[in-house]
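The residues making up each chain are set out below.
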Amino acid sequence: MTNMKDEITNIKSTYREFFLKFAGELNKCVYDAKPKNVTGEIFDKYEENSEGRAWQKSILKLIEDGIAPDVYKKLVTLREYRKNNKFSCKMCGSCCKLAISEFSPEELNEKSQNGDNFATQFLSVFIPYETEDEAKKIYPEYFELLKTEDKVYYYHCPKVTKDNKCSNYDMRPQICKDFPDNPFSFLPKSCGYKTWKDEVLNDSLKLQAMAEILEFYKSKLK
Ligand code: SF4
Ligand code: SF4
């Protein structure tokens, strides 16, 4: 791995592999359980007392009682491990002073209006830098690491103080409390959680992919 661009590409492709693998496994499981008399697909609309609906309910139960609890328990364990004494925030302020997104403020706004919770939270915290040069001045080295050939947008939080503290710590939003649990978070090498992230990255990507698929099934089958 030579730079952050390679790291990002690697993370995305690993996530995609886990996603497709688990989607395939779950799909097999779903169709192995399909009653012979049902001709439709798992996400079709069925009458409440039909065999099709019973099939959907059995899959929902399998997910809610059988698969999801284990996935979420493992995710919690990974996140608890980050909070042990081995890892800690070094108060460098990078994650508050320089956040990147592949989306412009307008695109994030649109996503937010369409119910994207992450976009809503992101916009509640970060504002865009007026120019790339402004972002570069904050952390030239980090900026270079983050630079990609794709267009990205640079943001910062106005609530971070000059000594890299959060001026609204007790009221900081969930997106800040969760940082850097998301395996797609970008961490500078100096970040106190970088070792944790690298150590758990594969498990974290796998569990995140599984959680995303399970949530999709739950929302469709309920
Ligand atoms: S980048 Fe890491 S070490 Fe720096 S402030 Fe954020 S969490 Fe703390
Ligand atoms: S709200 Fe606080 S923790 Fe969150 S990005 Fe801003 S300064 Fe950092």
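An account of the accompanying structure is given in this report. What you are looking at is a predicted structure, and each value in this text was computed from that prediction instead of being measured.

### Some points on the site of ligand 2
Around ligand 2, the surrounding shell consists of Cys 96, Val 125, Cys 157, Lys 159, Val 160, Cys 166, Asn 168, Arg 172 and Cys 176. Here the shell around ligand 2 is built from residues that sort into 6 nonpolar, 1 polar and 2 charged.

### Some points on the packing of helix H4 (residues 105-113) against helix H5 (residues 117-125)
Two elements in contact, H4 and H5, have axes whose closest approach is 7 Å; the angle formed by their N-to-C orientations is 130°. Taken together, the axes of H4 and H5 lie oblique to each other. As H4 runs across H5, the sense of the crossing is left-handed. Here H4 contributes Leu 108, Asn 109, Lys 111 and Ser 112 to the contact with H5, which in turn contributes Ala 119, Thr 120, Phe 122 and Leu 123.

### Observations concerning the sheet that holds strand E3 (residues 153-156)
Taken in spatial order, the 3 strands of this open sheet run E1-E3-E2, and their pairing is antiparallel. The sheet is open, and its two borders are formed by strand E1 (99-101) and strand E2 (127-128), each paired with just one other strand. Across 2 bridges, E2 lies against E3 in antiparallel orientation. Bridge assignment links Ile 127 to a residue of E3, and that residue is His 156.

How each quantity is defined
- Residues numbered from 1 in each chain as written.
- Chains lettered and ligands numbered in written order.
- Predicted model: local features only at pLDDT ≥ 70, side-chain atom pairs only at ≥ 80, totals over all residues.
- Near = placed C-beta within 6 Å.
- Nonpolar A, V, L, I, M, F, W, Y, C, P; charged D, E, K, R; others polar.
- Axes fitted to C-alpha atoms, helices over the stretch in contact; angles between N-to-C directions.
- Helix = DSSP H or I, 4+ residues; strand = E, 2+ residues; numbered from the N terminus.
- Parallel < 35°, antiparallel > 145°, perpendicular 65-115°, else oblique.
- Left-handed = near helix turned anticlockwise from the far one by under 90°.
- Contact = placed C-beta atoms within 7 Å.
- Pairing = 2+ DSSP bridges.

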